[in-house]
Amino acid sequence: MLVNMKDILADAQKNHYAVGLFNTIDTDMLEAVIAAAEELRSPVIIGTAEVLLPYGELKLIAPSLIAAAKRATVPVVVHYDHGLTFERCMEALQLGFSSIMFDGSAGDAEENLKNTAQMVKIAHAMGATIEGEIGHVGQADCCDNDVTDMYTTPEEALAFVEATGVDALAVAIGTAHGAYKTKPRLDIERLEAIRAKVDTPLVLHGGSGLSDDDFRNTIKSGIAKMNIFTDLCIAGANAVKDNNGDYLTTRNIKVEAIKKAVMEKMMLFGSNGRY
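Summarised in this report is the structure supplied together with it.

Rules behind the numbers
Residues numbered from 1 in each chain as written. Predicted model: local features only at pLDDT ≥ 70, side-chain atom pairs only at ≥ 80, totals over all residues. Heavy atoms only, no water. Helix = DSSP H or I, 4+ residues; strand = E, 2+ residues; numbered from the N terminus. Expected span 1.5 Å × (residues − 1). Buried < 20%, exposed > 50% of the residue type's maximum accessible area, 1.4 Å probe, protein only. Contact = heavy atoms within 4.5 Å. Phe/Tyr/Trp six-rings, centres within 6.5 Å; stacked < 30°, edge-to-face > 60°. Arc of directions from axis to C-beta. Core = buried A, V, L, I, M, F, W, Y, C linked by side-chain atoms within 4.5 Å. Salt bridge = Lys/Arg side-chain N within 4 Å of Asp/Glu carboxyl O. Pairing = 2+ DSSP bridges. Right-handed = clockwise from strand over helix to strand, strands pointing away.

## Topic: helix α9 (residues 230–241)
And then number 1: With twelve residues, α9 extends 16 Å from end C-alpha to end C-alpha; this agrees with the ideal 16 Å at 1.5 Å per step.
And then number 2: Among all positions in α9, only T230, D231, L232, A235 and G236 are buried.
And then number 3: On its buried face, α9 is in contact with β2 (19–23), α2 (27–40), β11 (223–228) and α10 (247–269).

In structure tokens:
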């Protein structure tokens, strides 16, 4: 069933588990994620991100994502992640995405607030939910992830939520996008302080590569949505690396490996058995 983030994140926040966003840039990944959610009776968020469009164009993948969500017997959000431009966010909404993220976190803070508030009005008018980001989640191969003055503060988070009306808020507490080269240092105390100030469901980006304890601690401290993509790519690539079978056999091996990786994350997040 196709739903938006309000339909699933409130329960996750109330009952201290997290729902995974698994970016699905092709139908192989899509099949794996939906099969995992069905088998574990877990709510799930699928979608793609603006930076991933060169690997799966929005107009091409959107119909499959939305059709799969509608057919599913568990709640499925179709989410456009890290929307960087007004035009692409609007395209996702017009294609039927039930949720979008407008990400202006890398630019001017006032512009981010103003532009996010504008996108909130549009998304809500179209029946979709919206995620924003305050602070800056960097790249795992870049030195900026150790710069704590780019992290979200509780005061910034509260002001941003009140001014924009976002349905979910991505916070920067030490994670990064991509594959980590060194162990990330998460600021759990900062996360707890943000949670104490803000009732809006909180989101952790850069989840691939975190330890099981990192996931447990961040969920316990208030995260309701986890973003995963790199781990799925690694699982799929490793599964086919030494396989010498034909194309179709190799494809199914990849799908099964990604499904297994998704199921492991769902059970770790505690979303299994919720539906």
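So much for the structure itself; the text now carries on.
## Thoughts on the packing of aromatic side chains
And then number 1: Considering all chains together, one arrives at two aromatic pairs under this definition.
And then number 2: A centroid spacing of 6.1 Å and a plane angle of 85 degrees characterise the contact between Y80 and F97, whose relative ring orientation is edge-to-face. Of this pair, Y80 sits in strand β4 (residues 76–83) while F97 sits in the loop between α4 (86–95) and β5 (99–102), and the two are 17 residues apart along the sequence.
And then number 3: When its relative accessible area of 3% is taken as the criterion, F97 is described as buried.

## Let's talk about helix α3 (residues 58–71)
And then number 1: With 14 residues, α3 should reach 20 Å at 1.5 Å per residue; the first-to-last C-alpha distance of 20 Å fits that figure.
And then number 2: Those residues of α3 that fall on the buried side of the exposure criterion are L58, I61, A62, L65, I66, A68 and A69. Buried residues in α3, looked at end-on, bunch into an arc of 160 degrees, giving them a common side. In α3, those exposed residues whose orientation departs by more than 90 degrees from the buried face are K59, L60, K70 and R71.
And then number 3: Buried residues along α3 sit against β1 (2–3), α2, β3 (44–49), β4 and α4.

## Considerations on the nonpolar core
Within soluble globular proteins, side chains that are nonpolar tend to cluster in buried spots.
And then number 1: In terms of nonpolar packing, the biggest core is built from 72 residues, with F22, I100, M119, L232 and F269 touching the most fellow members.
And then number 2: Residues in contact with F22, not counting those within four places in the same chain, are V33, V44, I45, I46, G47, I228, L232, V262, K265, M266 and F269.
And then number 3: In terms of nonpolar packing, the next biggest core, distinct from the first, is built from 15 residues, V3, I45, V77 and M101 among them.

## Points about the pattern of salt bridges
Oppositely charged side chains can form a pair if their charged atoms are brought close together.
And then number 1: Applying the stated criterion to the full structure yields 14 salt bridges.
And then number 2: The partner of D28 in a salt bridge is R251, and the shortest N-O contact between them spans 2.9 Å. Taken together, the residues D28 in helix α2 and R251 in helix α10 connect sequence positions 223 residues apart. For the pair D28 and R251, one class covers both residues: buried.
And then number 3: Of the charged contacts in the structure, one is a salt bridge between K114 and E111, with a shortest N-O distance of 3.3 Å. Of the two residues, K114 and E111 both sit in helix α5 (residues 109–125), three residues apart, roughly one turn of that helix.
And then number 4: With relative accessibility at 37%, the residue E111 sits in the partly exposed group.
And then number 5: Each of D28, E31, R251 and K254 takes part in one network of salt bridges that share partners.

## What to know about the environment of H16
And then number 1: For H16, the location among the structural elements is in the loop between α1 (6–15) and β2.
And then number 2: Counting along the chain gives 195 residues from H16 to S211, while the straight-line C-alpha distance between them is 18 Å.

## Structural notes on the pairing of β3
And then number 1: Across the six residues of β3, six count as buried, placing the element largely inside the fold.
And then number 2: Burial along β3 is two-sided: the face carrying V44, I46 and T48 and the face carrying I45, G47 and A49 are both buried.
And then number 3: With three bridges connecting them, β2 and β3 associate as parallel partners. Note that in β3 the partner of N23 across the bridge is G47.
And then number 4: Following the backbone out of β2, through α2 and into the adjacent parallel β3, one traces a crossover that is right-handed.
And then number 5: Both β3 and β4 contribute to a ladder of six bridges, which runs parallel. Within β4, the position partnered with G47 by the bridge is H79.
And then number 6: For the handedness criterion, the β-α-β arrangement of β3, α3 and β4 is classed as right-handed.

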